[in-house]
Amino acid sequence: MKVMQILPFARNLLERTCSNGDIVVDGTLGNGHDTEFLAHLVGPTGQVFGFDIQEQAILNTRKRLEDLHLNQQVTLFHHGHEKIKESIPSDLHGKIKGAIFNLGYLPGGDKSIVTKPETTIAAIRQLLELMAIEGIIVLVIYHGHQEGAVERDAIIEFTQSIDQQKAHVIQYGFINQNNHPPFIIAIEKRRD
Ligand code: SAM
């Protein structure tokens, strides 16, 4: 297959935008796979800020990072991404180059704890303020569960309404696959 799968596409967008020394965000830590990827991408001179509301996600991510000696460049917050602006030091506002939100529930965890449209959109609004120009926010949208479909619709409605002078917004996904495959919405900031 020559076309890119969803997760490689998400990572490719971040690789095109972020490099050593950059400031980035993992909006949903889960088991820490994306945090690990981001920590490698920005290296020891960069910084990853990560958020999750579940203690299990914090523990799983911390363990993964410690095992790989990547914890030095990562700050974990055990609270929701809707507190992103107050959590990130003000001298770094305007300097964030990339962010990823893998939405839905924690794989292997409690499936009743899911990301919610209000808090996800609140985080995106704050991030749009905090990002550097040409910084990118990647949303991986899982809509196979009932709340996921509601979140999908709200995110599409919100991101479609972003002024095109302020950001490029794209959607990428397979449209002929069964079982509601995840898809991507990515937002590249153009101006403040
Ligand atoms: N990126 C993760 C990985 O690489 O393993 C997977 C993330 S998982 C699909 C979604 C996560 O979002 C869950 O761990 C859940 O606890 C978390 N979550 C739900 N609401 C949240 C919120 N308001 N802020 C931050 N995380 C939240």
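Model, not experiment: these values are computed from the prediction.

Participant: I tried to follow the packing of helix H1 (residues 6-17) against helix H2 (residues 33-42) on my own but got confused; where do I start?
Facilitator: At a minimum axis distance of 11 Å, the contact between H1 and H2 shows a crossing angle of 25 degrees. What the angle tells us is that H1 and H2 run roughly parallel. Remark: the crossing between H1 and H2 carries right-handed chirality. Within the contact between the two elements, H1 uses Arg 11, Leu 14 and Glu 15 and H2 uses His 33, Asp 34, Phe 37, Leu 38 and Leu 41. When its residues are assigned to classes, the contact of H1 with H2 shows 4 nonpolar, 1 polar and 3 charged.

Participant: What am I meant to see in the side chain of Asp 52 here?
Facilitator: Relative to the helices and strands, Asp 52 resides in the loop between strand S2 (47-51) and helix H3 (55-67). Comment: no salt bridge for buried Asp 52; closest opposite-charge side chain is Lys 116, at 12 Å. A polar contact is formed between the side chain of Asp 52 and the backbone nitrogen of Gln 54, at a distance of 3.0 Å.

Participant: What is the right way to read the packing of aromatic side chains from this model?
Facilitator: Between two aromatic rings, the relevant description is the distance of the centres plus the angle of the planes. In the structure shown here, the tally under the stated rule is 3 aromatic pairs. On the numbers, 3.7 Å between centres and 10 degrees between planes, the contact of Phe 9 with Tyr 172 is stacked. Placement of Phe 9 in helix H1 and of Tyr 172 in strand S6 (residues 167-172) is noted, with a sequence separation of 163 residues between them. What makes Tyr 172 partly exposed here is its relative accessible area of 21%. Ring geometry for Phe 49 against Phe 77: centres 6.2 Å apart, planes inclined by 15 degrees, an arrangement best described as stacked. In this pair, Phe 49 is assigned in strand S2 and Phe 77 in strand S3 (residues 74-77), connecting sequence segments 28 residues apart. Following the ring pairs from residue to residue traces out a cluster consisting of Phe 49, Phe 51 and Phe 77.

Participant: Looking at this structure, how should I read helix H6 (residues 146-160)?
Facilitator: Owing to its 3.6 residues per turn, the α-helix aligns residues three or four sequence positions apart on the same side. In a regular helix each residue adds 1.5 Å, so 15 residues correspond to 21 Å; H6 covers 22 Å between its end C-alpha atoms and thus fits that length. Looking only at H6, the buried set comprises Gly 148, Glu 151, Ile 155, Phe 158 and Thr 159. Along the axis of H6, the buried positions cluster into a sector of 95 degrees, meaning they face one direction only. For H6, the exposed residues lying more than 90 degrees away from the buried face are Gln 146, Val 150, Glu 157 and Gln 160.

Participant: Sorry, what's going on with the confidence of the model for the chain here?
Facilitator: Note that predicted coordinates carrying low pLDDT should not be read in detail. Taken residue by residue, the chain gives an average pLDDT of 97. The fraction at 70 or more is 100%. Element-level mean pLDDT values for the chain span from 97 in H6 up to 99 in strand S1 (residues 23-26).

Calculation rules
- Residues numbered from 1 in each chain as written.
- Predicted model: local features only at pLDDT ≥ 70, side-chain atom pairs only at ≥ 80, totals over all residues.
- Heavy atoms only, no water.
- Axes fitted to C-alpha atoms, helices over the stretch in contact; angles between N-to-C directions.
- Helix = DSSP H or I, 4+ residues; strand = E, 2+ residues; numbered from the N terminus.
- Parallel < 35°, antiparallel > 145°, perpendicular 65-115°, else oblique.
- Left-handed = near helix turned anticlockwise from the far one by under 90°.
- Contact = heavy atoms within 4.5 Å.
- Nonpolar A, V, L, I, M, F, W, Y, C, P; charged D, E, K, R; others polar.
- Buried < 20%, exposed > 50% of the residue type's maximum accessible area, 1.4 Å probe, protein only.
- Lys, Arg positive; Asp, Glu negative; His and termini not counted.
- Salt bridge = Lys/Arg side-chain N within 4 Å of Asp/Glu carboxyl O.
- Polar contact = N/O pair within 3.5 Å; in protein donor to acceptor, adjacent residues only side chain to side chain.
- Phe/Tyr/Trp six-rings, centres within 6.5 Å; stacked < 30°, edge-to-face > 60°.
- Expected span 1.5 Å × (residues − 1).
- Arc of directions from axis to C-beta.
- pLDDT = per-residue confidence, 0-100.

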